[in-house]
Amino acid sequence: DGQRLATSMQQDTLPADIFIIGLTDQSVSQLTETPIDESEIAWSPLGGFMAYHSEVDGADDIYVLDLQTGGVRRVTKADGYHGEPAWALE
């Protein structure tokens, strides 16, 4: 809706987490707080999910965060780099 911005930010020496910034009031909300970096964020077209890249145990994969429940699931699992997610409407 153009009212919020999703970004990955790192605080001090902690891993990068996902934050939402309100564009009208500059409010900041932290969505994730994990021991791994979350980056390369893609907000779903209808706004209910966020896809992002993360490296866990040496594997680069794409994860999806359900913004309603906070649930996370890995959607790729293979050798090689999986990053820069993008959503497509069919």
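Further up the page is the structure itself.
Structure report, in brief. Keep in mind that this is a model prediction, so the values were computed, not measured. (Residues numbered from 1 in each chain as written. Predicted model: local features only at pLDDT ≥ 70, side-chain atom pairs only at ≥ 80, totals over all residues. Heavy atoms only, no water.)

### A closer look at the overall build of the chain
Then, in step 1: Of regular secondary structure, the chain possesses zero helices and seven strands.
Then, in step 2: Listing every helix and strand of the chain by position from the N terminus yields β-β-β-β-β-β-β.
Then, in step 3: Overall size of the chain, expressed as C-alpha extent along the three principal axes, is 40 × 40 × 20 Å.
Then, in step 4: At a minimum sequence separation of 6, the contacts of the chain that also span at least 24 residues come to 21%.
Then, in step 5: In the form shown here, the chain has an accessible surface area of approximately 6100 Å², with 49% of it arising from carbon and sulfur atoms.
Then, in step 6: Taking the average place of the 4 positive charges on the side chains of the chain and the average place of its 16 negative ones, the gap between the two points comes to 9 Å. (Helix = DSSP H or I, 4+ residues; strand = E, 2+ residues; numbered from the N terminus. Contact = heavy atoms within 4.5 Å. Areas by Shrake-Rupley, 256 points an atom, 1.4 Å probe, with all protein chains shown as cover. Lys, Arg positive; Asp, Glu negative; His and termini not counted. Charge placed at Lys NZ, Arg CZ, Asp CG, Glu CD.)

### Considerations on the sheet that holds strand S2 (residues 17–22)
Each strand in a sheet pairs with another by means of backbone hydrogen bonds, the pair being arranged parallel or else antiparallel.
Then, in step 1: The strand order across the open sheet formed by three strands is S1-S2-S3, and the pairing between neighbours is antiparallel. Edge positions in the open sheet fall to strand S1 (4–9) and strand S3 (28–30), since each of these has one partner strand only. Direction aside, neighbouring strands of the sheet carry axes that sit 30 degrees apart on average.
Then, in step 2: Where S1 lies against S2, six bridges are found, and the strand directions are antiparallel. Its bridge partner lying in S2, Ser8 is registered against Ile18. (Pairing = 2+ DSSP bridges. Axes fitted to C-alpha atoms, helices over the stretch in contact; angles between N-to-C directions.)

### So, the pairing of S2
Then, in step 1: Taken across its six residues, S2 has five buried, putting it largely inside the fold.
Then, in step 2: Two strands pair when backbone bridges link them, and S2 and S3 are joined in this way by three bridges, in the antiparallel orientation. Bridging from a neighbouring strand, Ile21 pairs with Val28 of S3. (Buried < 20%, exposed > 50% of the residue type's maximum accessible area, 1.4 Å probe, protein only.)

### Some words on the environment of Ala42
Then, in step 1: Along the chain, Ala42 falls in strand S4 (residues 39–43).
Then, in step 2: Of the residues examined, Ala42 reaches a relative accessible area of 10% and is grouped as buried.
Then, in step 3: Ala42 sits 27 residues away from Pro15 along the chain, and the two C-alpha atoms are 19 Å apart.
Then, in step 4: When near neighbours in sequence (up to four residues on either side) are disregarded, Ala42 contacts Phe49, Met50, Ala51, Pro85, Ala86 and Trp87.

### With respect to the side chain of Asp17
Then, in step 1: Structurally, the position occupied by Asp17 is in strand S2.
Then, in step 2: Buried and unpaired, Asp17 has no salt bridge, with Arg4 as the nearest side chain of opposite charge at 17 Å.
Then, in step 3: At a separation of 3.1 Å, a polar atom in the side chain of Asp17 contacts the main-chain amide nitrogen of Thr34. (Salt bridge = Lys/Arg side-chain N within 4 Å of Asp/Glu carboxyl O. Polar contact = N/O pair within 3.5 Å; in protein donor to acceptor, adjacent residues only side chain to side chain.)

### Examining the sheet that holds strand S7 (residues 72–74)
Then, in step 1: Spatially, four strands are ordered S4-S5-S6-S7 in an open sheet, and the strand pairing comes out antiparallel. On the outer flanks of this sheet lie S4 and S7, each paired with one strand and no other. Strand-to-strand twist across the sheet, computed as the mean angle between neighbouring axes with direction ignored, equals 25 degrees.

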